[in-house]
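Next come the chains, spelled out residue by residue.
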Amino acid sequence: MAAQGGTKMTALHTASRMPEGVEIEVRNRHFDFASKLAGNWLDNDAFKTALFNSMSISFPIGEKSFIDSVKAFDKNITDVKLRAEMKGFYGQETVHRREHQNYNELLCAQRGYNLAKLESPYVRRVEIGRTRASAKMLLASTAGAEHLTAILASKLLQGWAMENADTQIKALWLWHATEELEHKSVAFDVYIQVGGSFKMRKTMMRLTTFYFLRDSLLNALCMLCHDKQLWKWQTFKSGCQFLFGTQGLIRALGAEYKTYFKEDFHPWNNDNRELLEDWQQLLDPVA
């Protein structure tokens, strides 16, 4: 197994810099949540539950836009290895879209949320991108978003935040996290291969981070308001601890997030194949 940590990968003679031995497998999983989404499924905590539910709302629209942004350069990529990884990326993100759409529809039906209203910030963002941004800018945004999801995925697979979660819902998030690690370098490698600049990459990452955090937090607050939990002291306390505490989101992801702004960054500079292999064995048991 590969060593886990910050070891940098050496450049390969292909457009893909995904390490040997990593495979992008499309697992056609289905999840049945029954009525579990009606309650505070994460640590019996209203804020944590609302924040993860809010992130799920963004996924079907966001992942469709990720697929489209990479597909826009399909004809530019001739490297066989990278093309195979792109195909795997499309397949995984398509299944993620389906399962999170089901999650979101069940969530809103069980809790009385307006799904169209919650989706509207992401719909607007995609429409603005189509009219105002170049194809390369959209690809840079996808590369940045994939880094955000990859570092969150890594923490979730290491046990962060999900220890006291409903078993079925936790299974979806950890399956999703495993696949995010598998394909974490695809959009980035395509961006580099088509001549994407360091400057554009940094700019689009800042914009992507701002809008993702803003929209996720606003939707979480909207959910909490609907549930009459927004103005409770426990909600405020939990939110501050989860975002800014010593084990909170900002500190958990901050150091790895900053590596994206180094010119020699690559997603596999953080070689977490050992973590990935452990979870792949759980998802894909040997017959």
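Just above, that's the structure.
Here is what the cut-offs are and how they apply
- Residues numbered from 1 in each chain as written.
- Predicted model: local features only at pLDDT ≥ 70, side-chain atom pairs only at ≥ 80, totals over all residues.
- Heavy atoms only, no water.
- Helix = DSSP H or I, 4+ residues; strand = E, 2+ residues; numbered from the N terminus.
- Buried < 20%, exposed > 50% of the residue type's maximum accessible area, 1.4 Å probe, protein only.
- Contact = heavy atoms within 4.5 Å.
- Areas by Shrake-Rupley, 256 points an atom, 1.4 Å probe, with all protein chains shown as cover.
- 1 Å grid on protein atoms, 1.4 Å probe; cavity = no way out; pocket = protein on both sides within 12 Å on 5 of 7 lines; lining within 4 Å.
- Points joined across faces, edges and corners; volume = space filled by probe spheres on them.
- Nonpolar A, V, L, I, M, F, W, Y, C, P; charged D, E, K, R; others polar.
- Core = buried A, V, L, I, M, F, W, Y, C linked by side-chain atoms within 4.5 Å.
- Salt bridge = Lys/Arg side-chain N within 4 Å of Asp/Glu carboxyl O.
- Axes fitted to C-alpha atoms, helices over the stretch in contact; angles between N-to-C directions.
- Parallel < 35°, antiparallel > 145°, perpendicular 65-115°, else oblique.
- Left-handed = near helix turned anticlockwise from the far one by under 90°.
- Arc of directions from axis to C-beta.

Caption draft 1: Representation of the overall build of the chain. Of regular secondary structure, the chain possesses 10 helices and zero strands. In the chain, the order of α-helices and β-strands from amino to carboxyl end is α-α-α-α-α-α-α-α-α-α. When its C-alpha atoms are laid out on the principal axes, the chain stretches across 55 × 50 × 35 Å. When burial is assessed residue by residue, the chain has 52% of its 287 residues classed as buried. Considering only contacts within the chain whose residues lie at least 6 apart along the sequence, 86% involve residues at least 24 apart. With an accessible surface of roughly 13,900 Å², the chain has 57% of that area assigned to carbon and sulfur atoms.

Caption draft 2: Summary view of the layout of surface pockets. Here the second largest pocket is characterised by a volume of approximately 250 Å³. Around the second largest pocket sit 14 residues that line it, and Lys48, Trp160, Ala161, Phe242 and Gln247 are the ones nearest its centre. No other element matches the three residues that helix α8 (residues 233-244) contributes to the lining of the second largest pocket. Tallied by class, the residues present in the lining of the second largest pocket amount to three nonpolar, eight polar and three charged.

Caption draft 3: Spatial organisation of the environment of Leu42. Along the chain, the position of Leu42 falls in the segment before α1 (46-71). Overall, Leu42 belongs to the buried group, its relative accessible area being 0%. The spatial distance from the C-alpha of Leu42 to the C-alpha of Asp166 is 6.5 Å, given a sequence separation of 124 residues. Every residue in contact with Leu42, bar those within four places of it in the chain, is listed here: Lys48, Thr49, Phe52, Ala161, Met162, Asn164 and Ala165.

Caption draft 4: The arrangement of the nonpolar core in detail. Residues Trp41, Phe52, Tyr103, Trp173 and Val190 are the most contacted members of the largest nonpolar core, which totals 81 residues. Sorting elements by how many residues they give to this core places α1 first, with 12 residues.

Caption draft 5: Representation of the pattern of salt bridges in the model. The tally for this structure, following the rule as stated, stands at 14 salt bridges. With a shortest N-O distance of 3.1 Å, Arg111 and Asp227 are connected by a salt bridge. Here Asp227 lies in the loop between α7 (198-226) and α8 and Arg111 lies in helix α2 (residues 80-111), a separation of 116 residues in the sequence. Here Asp271 ties to Arg273 by a salt bridge, and the two come within 2.6 Å at their closest N and O atoms. By the burial criterion, Asp271 is buried, and Arg273 matches it. Connected through shared salt-bridge partners, Glu25, Arg27, Glu179 and Glu182 make up one network.

Caption draft 6: Representation of empty space enclosed by the protein within the structure. One pass over the full model with this rule turns up one cavity of 30 Å³ or more. When its volume is computed, the largest cavity comes out at roughly 60 Å³. Along its surface, the largest cavity is lined by His147, Ala150, Ile151, Ser154, Leu181, Lys184, Glu256, Phe265, Pro267, Asn270 and Asn272. Looking at the lining of the largest cavity, the element that brings in the most residues is helix α4 (residues 135-157), giving four residues. Residue composition of the lining of the largest cavity, grouped by class: five nonpolar, four polar and two charged.

Caption draft 7: Region of interest: the packing of α2 against helix α5 (residues 167-182). Put simply, α2 and α5 touch, their axes get as near as 11 Å, and they point 160° apart. Relative to α5, α2 is oriented roughly antiparallel. α2 and α5 meet at a crossing whose hand is left-handed. Across from Gln92, Glu93, Val95, His96, Glu99, His100 and Tyr103 in α2, the residues of α5 making contact are Ile169, Leu172, Trp173, Trp175, His176, Glu179, Glu180 and Glu182.

Caption draft 8: Expanded view of helix α10 (residues 273-283). If you check which residues of α10 are buried, you get Arg273, Leu275, Leu276, Trp279, Gln280 and Leu283. The buried residues of α10 occupy an angular sector of 155° when the element is viewed end-on, so they sit on one face. Summarising the geometry of α10, the exposed residues directed more than 90 degrees from the buried face are Gln281 and Leu282. Buried-residue contacts for α10 involve α4 and α5.

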